[in-house]
Amino acid sequence: MSILLFTFTYVDTKPSQVTWDEYSFKINGERLMLFSGEVHPYRMPVQSLHLDVFQKIKAMGFNAISFYVFWGILEPKRGEISFEGFRDLQPFFDAAMKAGIYLVARPGPYINAETAGGGFPGWGTYTPGLWRTSNTTYLDAYAGYIEAVGSKIAANQITKGGPVILVQSENEYSGFQPPYTEDFDYEAKLMQSLRDAGITVPITTNDAWPGAHYTSVDVYGYDSYPNGFDCSHPYTWLTDAVPEWLWGGHEDANPDDLNAVYEFQGGAFDGWGGSGYDTCAILTGPEFERVFYKNQFAMSTTYLNLYMIFGGTNWGGIAHPGVYTSYDYGSAIAEDRTLREKYYELKLQANFLAVSPAYLTTRPMNIYSTQGSFTGNSALKTTQVLDVVGNKTGFYVVRQTDASTNALQTYTLQLPTSLGTLTIPTIGGLLSLNGKDSKIHVVDYTAGSTELVYSTGEIFTWATIDGRDVIVLYGNAGELHETAFKFSGQAPVARVLSGTGTIKQQTLSGGALAIQYTTSGQTVFQVRNTLVYIFVDRTTAYEFWVLHPPSNGAFAQFNTKNPIIIKGGYLLRSVSTSESTLAITGDLNSTASFEIIAPKASSQKVTFNGGTLTLGRTSYGTLTAKRTVNLPSVTIPNLSTLNWKTADSLPEISRTYSDAKWTVANHTSSINPVVPLTSAVLYAGDYGYHTGNILWRGHFAATGAETGFTVDVLGGSAFGYSVWLDSTFIGSWEGDAVHGEFTGTFNFPAVLAKGSAHVLTILQDHMGYEEDWTAGSDAFKTPRGIINYSFVGSNSTTVSTWKVTGNLGGESYVDKTRGPLNEGGLFGERQGWHLPGFNDAAWATGKPTTGISKAGVSFFRTTFNLNIPKGVDYPLALVVTNSTTNPHFRSQLYVNGYQFGKYINHIGPQKSFPVPQGILNYNGVNTLAVSLWAAGAAGAKLDSLALQLTAKVESTLPAVVNQPSPAWTTRPGAY
Ligand SMILES: *[C@@H]1O[C@H](CO)[C@@H](O)[C@H](O)[C@H]1NC(C)=O
Ligand SMILES: *[C@@H]1O[C@H](CO)[C@@H](O)[C@H](O)[C@H]1NC(C)=O
Ligand SMILES: *[C@@H]1O[C@H](CO)[C@@H](O)[C@H](O)[C@H]1NC(C)=O
């Protein structure tokens, strides 16, 4: 090959906007720590709320969001791809641009994500060929989806003026069902499909651990969930929970790339019968964040994505059987979009890294020999992380050797510095690490014109404002810390300007002033031209925000220059400056006392949410202001006193009901890996029903000998089913948290006359398809339906016709706005009773708290008005209680047609079902519908059902536009 030809064919198509090396990513040539959080567009159907969530993430100091795309909802029928309603991704992209935050797109096609089928569409369950391999049946299956979603993502890449900087191929393609192994052909073809769709930014993948799978992508990385998912023991950590080995894994897999962690534990999912998300938030709380994230920083991680940062809701049929309606995940931002303490701890870490460019070119120097190093205390591990490019700054990450301990350790640090090796504190005394904690101590750290020889007090942020360096340091209440400032010439004297804290000071030979302080009370001191704040404890540091006024152009909101530091407020979203006015927007949940550190010229006047603040000035020149919170009282309707209507939602068991329009279940074979044991295949998916409740009817002529019916039904964990012989209830498998399949025998009440015609009706729950985590297992094809059945006492009885129904239309689902997973197969759902505008005038009066007096299904409907003023964020939840776990029932809650709750009273644990504004109409009429499936002959009722506020926040959340909630219209062919 001639040189000419070589240069002609070698075209580097990699865009200059996103590059990387062994240390970090660079955007437009500039290194940055990508601190990212996971959000799923489909778990927040109110598209106008994306911006609220994104602004909250950005306000923490994060600069990226990673998101999955759920193929199954975009292509519920093969070849018919729809981005209608909440499925449109453009509002998600647009919100990222408005918030000024980058996006990492993860379109699968496999996503796992505790999502039904791991993201695969229902029709995949009857499509032959092993999925997640290079079998062409699978490549053909995803081709249309990757082309469609790939081109939407491509149009929003940074190269096109959009926020997308990276695109992930596959997901945790790490475990393989023997004899199947890693399929390099599939990996290459999928990447090519993404490129063909127009993706030019780097392609990434997330190995489930650093196991060097799929290293042919541009920037390989891995996932880690080191504290596990046992939320029922939230204080129990393993002694060796904190993983140091990930660094070696990364170095083995892709030493030429940065250490990228595409998913790191940000919470934990909780399953049916679990302990609830409040416990998951403790398991992964601020202590966890300090210890585990700082351990990642000890390994020079410069892309860190926390899964989840905002979990959202498994509304409709989004969940796989391992999770329930809430996908709160115990995340920093709770399901109702309120902020947990975890959020504020993250803000401390993200802001530190955002102002520490030296960190972006570091290497850990002593992995595997951290125990006792630099402290001489073997109960502690200290990783030395040095900037090996700038060759100046060092980061020393200290944590317990035994991660499970709550012991208090004291220590001194022997650190190499530009002034030689120092024993710190130099003024005497001891540093301390109390229990589950970790600290990053810095050496030779630059903060504007200030050089810190070292600081044991952790840095929240620093900024140079009006020519003066401001450094914000923090520590735990009562801890001793020391920070040394370099100087040349005459030794300066530090002066306390404000606060009750005292300082000790001493000059160090070589030219530095060491200041020792105890972090108690906000104390401000000055060394020459540097203002230093000390905080009593994290909660004071939590109050600080760093915001940047927008610059110019399309990426104005991504500006990281001209920081403004403000203390106070529940959430500060933005600052902007115009002439001499500083405009702050934010949210308050109580009266705020602000302290504002901003350039004098642009803060002559300061407004908060549009109102002018009355300003004071501290002795050291910062601004102060008070702002009273405005939390108007509102009236929340009392659901128990509303007018409720009810109707029977199981007419299928009446003598006169005709199932003529149902699908005949008459397939004699299935490609399903679970081999059918019945002559007619009774897998609902094979007939196009993939979600919600499924109904079966089996017609048979009696021999006169049968005394009962045995049936083996598969539905997924926590599923249940009920069986009727003609109109007579003969029993239920009520379900538990464990069983996904159950064989039950149900006795007939009487001998059936020989030759008489009968029908068995089986109502089963469908908890979503299984995931497909192990590639080549086709586990997601595990059917939902009847695996086997027989008549007790009669081998010769045969079902002449089986019929099946799920949601009306199956894959040709009716409700294109609410999507394919919102409706199941209950009669009321097929009829659209859950929708606003259905005329229930002819229905009887009846409440869900009165319930149903027999086994079966009832529907309940009511409407109510809300009138919640603008300027506040008052999230609401539907809250149920049941004082007893008997009798057992399953209930679904629909708000304006959207199914936002699935409650199984004896399995739980969820009792509070947040419903976002935008699904709820906050200024008008709302329709609430409830289905109630009583599993026992005694019937069932909800003990209570209430609409409750979960928080009250004065808010500048961007205007919420109600999601379209189309009203009921005649449903042609509904049965
Ligand atoms: C792909 O899957 C089909 C259907 O299961 C099978 O017949 C075929 O042999 C598979 N092809 C390869 C190359 O494995
Ligand atoms: C940092 O040290 C490395 C290795 O000794 C050397 O190659 C490099 O030039 C140094 N960088 C600077 C900025 O001095
Ligand atoms: C306001 O929010 C913060 C942070 O979540 C919380 O700690 C505090 O208790 C809240 N205050 C009120 C009055 O709700």
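Residues numbered from 1 in each chain as written. Chains lettered and ligands numbered in written order. Predicted model: local features only at pLDDT ≥ 70, side-chain atom pairs only at ≥ 80, totals over all residues. Heavy atoms only, no water.

- For the protein, the name recorded in an unreviewed UniProt entry is Beta-galactosidase, with Crucibulum laeve as its organism.
- Quoted verbatim from the Catalytic activity (unreviewed entry) field of the UniProt record, the comment on the protein reads "Hydrolysis of terminal non-reducing beta-D-galactose residues in beta-D-galactosides."
- Entered under Sequence similarities (unreviewed entry) in the UniProt record, the comment concerning the protein runs "Belongs to the glycosyl hydrolase 35 family." (UniProt positions renumbered as here; feature names shortened; annotations may be inferred.)

## Some remarks on the overall build of the protein
Link 1 in the chain: Counting its regular elements, the protein contains 12 helices and 57 strands.
Link 2 in the chain: Taking 30 Å as the expected radius of gyration for a compact globule of 975 residues, we find that the protein reaches 31 Å, a close match to that expectation.
Link 3 in the chain: The buried share of the protein, reckoned over its 975 residues, is 65%.
Link 4 in the chain: Taking all contacts inside the protein whose residues are at least 6 apart in sequence as the whole, residues at least 24 apart take part in 73%.
Link 5 in the chain: In the form shown here, the protein has an accessible surface area of approximately 32,100 Å², with 53% of it arising from carbon and sulfur atoms.
Link 6 in the chain: Taking the 63 positively charged and 79 negatively charged side chains of the protein as two groups, their mean positions are separated by 8 Å. (Helix = DSSP H or I, 4+ residues; strand = E, 2+ residues; numbered from the N terminus. Rg over C-alpha atoms; globule rule 2.2 N^0.38 Å. Buried < 20%, exposed > 50% of the residue type's maximum accessible area, 1.4 Å probe, protein only. Contact = heavy atoms within 4.5 Å. Areas by Shrake-Rupley, 256 points an atom, 1.4 Å probe, with all protein chains shown as cover. Lys, Arg positive; Asp, Glu negative; His and termini not counted. Charge placed at Lys NZ, Arg CZ, Asp CG, Glu CD.)

## Section: the site of ligand 1
Link 1 in the chain: Around ligand 1 sit Pro128, Gly129 and Asn135, and those are all the residues in its vicinity.
Link 2 in the chain: Taking asparagine 135, its side chain carries an N or O atom lying 2.2 Å from an oxygen atom of ligand 1.
Link 3 in the chain: The fraction of the free accessible surface of ligand 1 (360 Å²) that becomes covered by protein chains is 28%. (Near = heavy atom within 4 Å. Polar contact = N/O pair within 3.5 Å; in protein donor to acceptor, adjacent residues only side chain to side chain.)

## Some words on the domain arrangement of the protein
Link 1 in the chain: With domains assigned, the protein is organised as domain 1 (18-355), domain 2 (359-562), domain 3 (563-629), domain 4 (639-648 + 818-954) and domain 5 (667-805).
Link 2 in the chain: The distance between the C-alpha centroids of domain 3 and domain 4 comes to 43 Å. (Domains from an automatic or database assignment.)

## What about the environment of threonine 845?
Link 1 in the chain: Within the fold, threonine 845 resides in strand S48 (residues 844-845).
Link 2 in the chain: Using a relative accessible area of 64% as the deciding quantity, one classes threonine 845 as exposed.
Link 3 in the chain: Taking the C-alpha atoms as reference points, threonine 845 and alanine 779, separated by 66 residues in sequence, lie 45 Å from one another.

## Notes on the packing of aromatic side chains
Link 1 in the chain: Under the defined criterion, the tally for this structure stands at 81 aromatic pairs.
Link 2 in the chain: Judged by centre distance (5.7 Å) and plane angle (90°), the rings of tryptophan 71 and phenylalanine 120 are edge-to-face. Highlighted residues: tryptophan 71 in helix H3 (residues 71-74) and phenylalanine 120 in the loop between strand S6 (102-106) and helix H5 (136-154), separated in sequence by 49 residues. An identical accessibility class is assigned to tryptophan 71 and phenylalanine 120; each is buried.
Link 3 in the chain: For the pair phenylalanine 827 and tryptophan 833, a centre-to-centre distance of 5.4 Å together with 80° between the ring planes defines the contact as edge-to-face. Judged on exposure class, the residue phenylalanine 827 and its partner tryptophan 833 are both buried.
Link 4 in the chain: Residue placement shows arginine 697 over the ring face of tryptophan 662; its charged tip is 5.9 Å from the ring centre. (Phe/Tyr/Trp six-rings, centres within 6.5 Å; stacked < 30°, edge-to-face > 60°. Lys NZ or Arg CZ within 6 Å of the ring centre and 35° of its normal.)

## Regarding the sheet that holds S48
As a general point, the strands of a sheet are linked pairwise by backbone hydrogen bonds and lie either parallel or antiparallel.
Link 1 in the chain: Across the sheet, 6 strands lie side by side as S48-S38-S49-S55-S52-S53; this open sheet has antiparallel pairing. The open sheet has two edge strands, S48 and strand S53 (898-904), and neither has a second partner.
Link 2 in the chain: Pairing analysis gives 12 bridges linking strand S49 (residues 856-867) to strand S55 (residues 923-934), with the strands arranged antiparallel. Paired with leucine 866 across the two strands is glycine 924, which belongs to S55. (Pairing = 2+ DSSP bridges.)

## Some details on helix H10 (residues 341-354)
Link 1 in the chain: In a regular helix each residue adds 1.5 Å, so 14 residues correspond to 20 Å; H10 covers 20 Å between its end C-alpha atoms and thus fits that length.
Link 2 in the chain: Taken across its 14 residues, H10 has 12 buried, putting it largely inside the fold.
Link 3 in the chain: Here H10 has its buried residues at Lys342, Tyr343, Tyr344, Glu345, Leu346, Lys347, Leu348, Gln349, Ala350, Asn351, Phe352 and Leu353. (Expected span 1.5 Å × (residues − 1).)

## Focus: the sheet that holds strand S20 (residues 450-455)
Link 1 in the chain: Ordered by their spatial adjacency, 8 strands build an open sheet running S12-S13-S14-S19-S20-S23-S26-S25, and the pairing between neighbours is antiparallel. Looking at which strands have only one partner, the edges of the open sheet turn out to be strand S12 (362-364) and strand S25 (503-508). Here the strands of the sheet are splayed against their neighbours by 25° on average, with no regard to which way each runs.
Link 2 in the chain: Bridging between S12 and strand S13 (residues 380-387) involves 3 bridges; their strand directions are antiparallel. Residue proline 364 lies in a different strand from S13, and its bridge partner there is valine 385. (Axes fitted to C-alpha atoms, helices over the stretch in contact; angles between N-to-C directions.)

## Some points on the state of the cysteines
Link 1 in the chain: Overall, the coordinates contain 1 disulfide when judged by the stated rule.
Link 2 in the chain: Here cysteine 231 pairs with cysteine 280 through a disulfide, and the sulfurs are 2.1 Å apart. Disulfide cysteine 231-cysteine 280: the torsion about the S-S bond is 105°, which places it as right-handed. Of the two residues, cysteine 231 sits in the loop between strand S9 (219-224) and helix H7 (246-253) while cysteine 280 sits in helix H8 (residues 277-283), which places them 49 residues apart along the sequence. Both residues of the pair, cysteine 231 and cysteine 280, belong to the buried class. (Disulfide = S-S within 2.5 Å.)

## Details of helix H6 (residues 184-196)
Link 1 in the chain: The terminal C-alpha atoms of H6 lie 18 Å apart, and with 13 residues this matches the ideal 18 Å at 1.5 Å per residue to within 8%.
Link 2 in the chain: Looking only at H6, the buried set comprises Tyr186, Glu187, Leu190, Met191 and Leu194. For H6, the angular spread of buried residues about the axis comes to 130°, placing them on one side. Opposite the buried face of H6, by more than 90 degrees, sit the exposed residues Phe184 and Asp196. (Arc of directions from axis to C-beta.)

## Here we look at the pairing of strand S28 (residues 530-535)
Link 1 in the chain: Counting buried positions along S28 gives 6 out of 6 residues, so the element sits mostly inside the fold.
Link 2 in the chain: The side-chain alternation of S28 yields two buried faces, one formed by Thr530, Val532 and Ile534 and the other by Leu531, Tyr533 and Phe535.
Link 3 in the chain: Here strand S27 (residues 523-527) pairs with S28 via 5 bridges, running antiparallel. Opposite valine 524, over in S28, you have tyrosine 533 as the bridge partner.
Link 4 in the chain: The turn linking S27 back onto S28 is made up of 2 residues, and arginine 528 within it adopts a positive phi angle of 50°.

## Observations regarding the pairing of strand S14 (residues 394-400)
Strand residues, when the strand is regular, have side chains that alternate between the two faces of the sheet.
Link 1 in the chain: The buried count for S14 comes to 7 of 7 residues, which makes it a mostly enclosed element.
Link 2 in the chain: By the bridge criterion, 7 bridges tie S13 to S14 in an arrangement that is antiparallel. Within S14, the position partnered with valine 385 by the bridge is phenylalanine 395.
Link 3 in the chain: Pairing of S14 with strand S19 (residues 438-447), which is carried by 6 bridges, proceeds in the antiparallel orientation. Counted as the bridge partner of phenylalanine 395 is valine 442 from S19.

## Observations concerning the UniProt feature "domain: Beta-galactosidase" (unreviewed entry) in the protein
Link 1 in the chain: With numbering aligned to this structure, UniProt lists the feature "domain: Beta-galactosidase" (unreviewed entry) at residues 359-544.
Link 2 in the chain: Each end of residues 359-544 is marked by a C-alpha atom, and these two atoms are 22 Å apart; helix forms 3% of the span and strand 55%.

## Concerning the side chain of glutamine 764
Link 1 in the chain: Inspection of the secondary structure assignment puts glutamine 764 in strand S45 (residues 757-764).
Link 2 in the chain: Residue classification places glutamine 764 among the buried positions, given a relative accessible area of 0%.
Link 3 in the chain: At a separation of 3.1 Å, a polar atom in the side chain of glutamine 764 contacts the main-chain carbonyl oxygen of leucine 714.
Link 4 in the chain: A polar contact is formed between the side chain of glutamine 764 and the backbone nitrogen of glycine 785, at a distance of 3.4 Å.

## Observations concerning the confidence of the model for the protein
Link 1 in the chain: This prediction gives the protein a mean pLDDT of 96; 98% of its residues lie at or above 70.
Link 2 in the chain: In the model of the protein, helix H1 (residues 3-9) stands out as the element of lowest mean pLDDT, 41, in contrast to S6, which has the highest, 99.
Link 3 in the chain: Long-range and interchain partners of residues 1-11, a stretch whose pLDDT sits below 50, account for 1 contact in this model, where long-range means more than four residues apart. (pLDDT = per-residue confidence, 0-100.)

## Quick notes on the site of ligand 2
Link 1 in the chain: Residues in close proximity to ligand 2 include Val388, Val389 and Asn391, which together make up its full environment.
Link 2 in the chain: Within the backbone of valine 389, a nitrogen or oxygen atom sits 3.2 Å from a nitrogen atom of ligand 2.
Link 3 in the chain: In this structure, an oxygen atom belonging to ligand 2 sits 2.3 Å away from a side-chain N or O atom of asparagine 391.
Link 4 in the chain: Here ligand 2 loses 23% of its free accessible area of 360 Å² to cover by the protein chains.

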